[in-house]
Amino acid sequence: MKRFFRKLAVAVVVLVWLGALAYLLVLSRKKLPEHGTVFGGEPHRIQMSDAEWEELLEGFDERGYLSARRWRPGDDPYALYAFNQRESERIPSNRALRDTRHYRCTALHYDPDLPPTSIIITFHNEARSTLLRTIRRVTQEVSVTLGQDPTCVVSPVIDIINMDTFAYVAASSDLRGGFDWSLHFKWEQLSTEQRAARADPTEPIRTPIIAGGLFVIDRSWFNHLGKYDTAMDIWGGENFEISFRVWQCGGSLEILPCSRVGHVFRKKHPYVFPEGNANTYI
């Protein structure tokens, strides 16, 4: 009798599994509308004005979003992200910052008829507060232009955000990218002759190398270069790879003194490397 019920139970499980499989096959044959279209087939883009976007952000429950973690006495605010997470959560996402650019930058006028621009923010296990602050500043203040040369890759001046206090500190605009023979990326001061030759402090600075994670590039040019090497396992190698590809394919690299991006420089990595630090980190 027990053997009969055992066989019956197995038969029921098999029938349920076959029924679920048939249902999934039917669903897979249904053609879903492609991303960016409506059922009528016409392209559909959601466009929001600056005022509508700001109203949407104002209605967002930022405090509720950031209170997912309840701080208790003795909690280490540096444990998860290697910066003061508690201080970052205390500062609002729309905090006021002084303009760190040269005063002549405010007198520049850019062509309002700019091509469509995609802003790509890559992150991994990022703190909610810093991610939200990044998104809000980008949507409010970014204006991008590549000038007349689509093969020119441009990078901003990278200001410093203190990892302890989150104070925003202006970096020198008289810098260009460089590296040593151990392939460590570093910033180099412009020589006295180079600074003297710069009659206008808002002019772009030609640089042999840029920080590989902060730049503006024409999409077709990026595709022509081969994009990022998906097999690259070395942290820090992106600085050299994208820069060398640009030069070898006849492009150029520039740093724009009137473009500023803040970055939290940490003293250690908050994540681990799959192959170990010695084999992965330059």
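Note that the structure is a prediction, hence the values are computed from the model and not measured. (Residues numbered from 1 in each chain as written. Predicted model: local features only at pLDDT ≥ 70, side-chain atom pairs only at ≥ 80, totals over all residues. Heavy atoms only, no water.)

**Description of the overall build of the chain**
So, point 1. Scanning the chain from terminus to terminus reveals nine helices and six strands.
So, point 2. In the chain, which comprises 282 residues, the proportion classed as buried is 26%.
So, point 3. For the chain, the exposed area adds up to about 20000 Å²; of that, 58% sits on carbon and sulfur atoms. (Helix = DSSP H or I, 4+ residues; strand = E, 2+ residues; numbered from the N terminus. Buried < 20%, exposed > 50% of the residue type's maximum accessible area, 1.4 Å probe, protein only. Areas by Shrake-Rupley, 256 points an atom, 1.4 Å probe, with all protein chains shown as cover.)

**Regarding the side chain of Glu-62**
So, point 1. Structurally, Glu-62 can be placed in helix α3 (residues 62–66).
So, point 2. Of the polar contacts made by the side chain of Glu-62, one reaches the side chain of Ser-93; its length is 2.8 Å.
So, point 3. The residues contacting Glu-62, other than those within four sequence positions of it, are Ile-91, Pro-92, Ser-93, Leu-132 and Arg-136. (Polar contact = N/O pair within 3.5 Å; in protein donor to acceptor, adjacent residues only side chain to side chain. Contact = heavy atoms within 4.5 Å.)

**Considering the pattern of salt bridges**
So, point 1. Applying the stated criterion across every chain, the model contains seven salt bridges.
So, point 2. Linking Asp-99 and Arg-101 is a salt bridge whose minimum nitrogen-to-oxygen distance equals 2.8 Å.
So, point 3. Take Asp-99: its relative accessible area is 41%, and that puts it in the partly exposed class.
So, point 4. The class of Arg-101 is partly exposed, set by a relative accessible area of 29%. (Salt bridge = Lys/Arg side-chain N within 4 Å of Asp/Glu carboxyl O.)

**Remarks on the confidence of the model for the chain**
So, point 1. For the chain, per-residue confidence averages 80 on the pLDDT scale, and 78% of positions sit at 70 or higher.
So, point 2. Taken element by element, the predicted model of the chain shows its lowest mean pLDDT in helix α1 (residues 2–29) (44) and its highest in strand β2 (residues 168–169) (95). (pLDDT = per-residue confidence, 0-100.)

**Here's the deal with the environment of Leu-253**
So, point 1. Relative to the elements of secondary structure, Leu-253 occurs in strand β6 (residues 252–264).
So, point 2. For the pair Leu-253 and Cys-152, spaced 101 residues apart in sequence, the C-alpha to C-alpha distance is 5.8 Å.

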